[in-house]
Amino acid sequence: MLVLIAGLVLFLGVHFLRVIPGARSGLQAQLGETPYKLVYTALSLVGFGLIIYGKILAHPSEVVWVPPAWTRHLAFTLVPIGLILIVSSYAPGHIRRWVRHPMLAGVVLWSGAHFLANGELAALILFGSFLAWSAITFVAACLRETPPPVVKGWGGDLTAIVLGVLVSLILMNLHMYLFGVAIIG
């Protein structure tokens with residue numbers, strides 16, 4: 001469990017720099033922009049690797065609670081919406097304008113759905129950490145930034161919806177092979 005926690009602290013810690021006023025710009029000024037990006041990327045990759053390895057080591061972990069069946073159905077609804085939001089952060093469109101920070105909102109939905117649908121301690125720590133980080137970062141980002149410009153047309157939104165649903169269907173079918181948990185079938 002310590003490897004998982006170390007990975008979460010490292011990965012989410014570097015991603016939390018945007019919330020701390022002056023932290024990111026101060027580090028960029030000290031290190032320089034390119035070295036900062038290299039260190040940021042390296043720490044993120046190491047943290048992500050530790051999260052994956054730590055989750056593998058922690059499985060199966062102690063069961064904290066047995067989630068009701070409705071949480072699984074809720075996850076089937078929220079995760080595809082979250083993935084559509086995540087994709088829309090890369091596709092200029094109305095979704096991105098309305099939500100303002102669709103990547104963070106998508107992670108809130110993805111992690112929140114997984115948090116509710118899982119009862120193992122390691123899963124609760126993993127998804128609870130991402131839920132807390134994304135919710136705090138979403139609120140902070142909404143308070144400091146202006147909305148993106150108005151976009152004409154619906155091409156970016158349609159792309160986000162189609163790709164988000166497609167990725168959701170693929171992940172649902174491969175979930176057992178990728179993460180060791182069958183969610184359909």
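The structure we're discussing is the one just above.
Predicted model only: the values in this text are computed from it and were never measured.

Rules used in this analysis
Residues numbered from 1 in each chain as written. Predicted model: local features only at pLDDT ≥ 70, side-chain atom pairs only at ≥ 80, totals over all residues. Heavy atoms only, no water. Helix = DSSP H or I, 4+ residues; strand = E, 2+ residues; numbered from the N terminus. Rg over C-alpha atoms; globule rule 2.2 N^0.38 Å. Buried < 20%, exposed > 50% of the residue type's maximum accessible area, 1.4 Å probe, protein only. Contact = heavy atoms within 4.5 Å. Areas by Shrake-Rupley, 256 points an atom, 1.4 Å probe, with all protein chains shown as cover. Lys, Arg positive; Asp, Glu negative; His and termini not counted. Charge placed at Lys NZ, Arg CZ, Asp CG, Glu CD. Axes fitted to C-alpha atoms, helices over the stretch in contact; angles between N-to-C directions. Parallel < 35°, antiparallel > 145°, perpendicular 65-115°, else oblique. Left-handed = near helix turned anticlockwise from the far one by under 90°. Nonpolar A, V, L, I, M, F, W, Y, C, P; charged D, E, K, R; others polar. Core = buried A, V, L, I, M, F, W, Y, C linked by side-chain atoms within 4.5 Å. Expected span 1.5 Å × (residues − 1). Arc of directions from axis to C-beta. Phe/Tyr/Trp six-rings, centres within 6.5 Å; stacked < 30°, edge-to-face > 60°. Salt bridge = Lys/Arg side-chain N within 4 Å of Asp/Glu carboxyl O.

### As for the overall build of the protein chain
Check the secondary structure of the protein chain and you find 8 helices and 0 strands. Order of helices (α) and strands (β) in the protein chain, N terminus to C terminus: α-α-α-α-α-α-α-α. For 185 residues, the compact-globule formula gives about 16 Å, and the C-alpha radius of gyration of the protein chain, at 18 Å, lands near that figure. Seen along its three principal axes, the alpha-carbon backbone of the protein chain occupies a region of about 45 × 40 × 25 Å. Taken across its 185 residues, the protein chain has 34% of its residues classed as buried. Look at the contacts in the protein chain between residues 6 or more apart in sequence, and 75% of them connect residues 24 or more apart. Roughly 10700 Å² of accessible area belongs to the protein chain as shown, and the carbon and sulfur atoms make up 75% of that amount. Separation between the mean location of the 10 positive side-chain charges and that of the 5 negative ones in the protein chain comes to 10 Å.

### Considering the packing of helix α4 (residues 69-88) against helix α8 (residues 155-179)
Their axes nearest at 8 Å, the elements α4 and α8 cross at an angle of 130°. The orientation of α4 with respect to α8, classified from their angle, is oblique. For the pair α4 and α8, the crossing hand works out as right-handed. Contacts between α4 and α8 pair F76, V79, P80, L83, I84, V87 and S88 from the former with T159, A160, I161, L163, G164, V165, V167, S168, L171 and M172 from the latter.

### Regarding the packing of helix α3 (residues 33-58) against helix α7 (residues 121-144)
At their nearest, the axes of α3 and α7 sit 9 Å apart, and the two run at 155° to each other. In terms of axis orientation, α3 runs roughly antiparallel to α7. Along the contact surface, α3 presents I51, K55 and A58, while α7 presents A122, A123, L126 and F130. The class makeup of the residues in the contact of α3 with α7 is 6 nonpolar, no polar and 1 charged.

### Some remarks on the nonpolar core
Residues L4, L8, L12, I51, L126, F130 and W133 are the most contacted members of the largest nonpolar core, which totals 20 residues. Among the elements that make up this core, the one with the highest residue count is α7 (7 residues). Excluding residues within four positions of it along the chain, L4 makes contact with L50, I51, G54, K55, A122, I125 and L126.

### Examining helix α1 (residues 2-15)
For α1, with 14 residues, the first-to-last C-alpha span of 20 Å sits near the 20 Å given by 1.5 Å per residue. Taken together, the buried positions of α1 are occupied by L4, G7, L8, F11, L12, V14 and H15. For α1, the buried positions fall inside an angular range of 160° around the axis, keeping them on one side. In this structure, α1 carries L2 and V9 as exposed residues pointing more than 90 degrees from its buried face.

### Points about the packing of aromatic side chains
The geometry of two aromatic rings is summed up by the distance between their centres and the angle between their planes. Across all of its chains, the model carries 6 aromatic pairs by this definition. On the basis of an interplanar angle of 55° and a centroid distance of 5.9 Å, the ring pair of W98 and W154 is categorised as tilted. One end of the pair, W98, is in helix α5 (residues 94-99); the other, W154, is in the loop between α7 and α8, with 56 residues separating them in the sequence. Accessibility assignment for this pair places W98 and W154 in one class, exposed. Members of the aromatic cluster, each reached through a chain of ring pairs, are F11, F48, W110, F127 and F130.

### As for the pattern of salt bridges
Inspection of every chain in the model, using the stated rule, returns 1 salt bridge. In this structure, E33 engages K37 in a salt bridge whose closest nitrogen and oxygen atoms are separated by 3.1 Å. Here E33 and its partner K37 are both found in helix α3, 4 residues apart, which amounts to about one turn of the helix.

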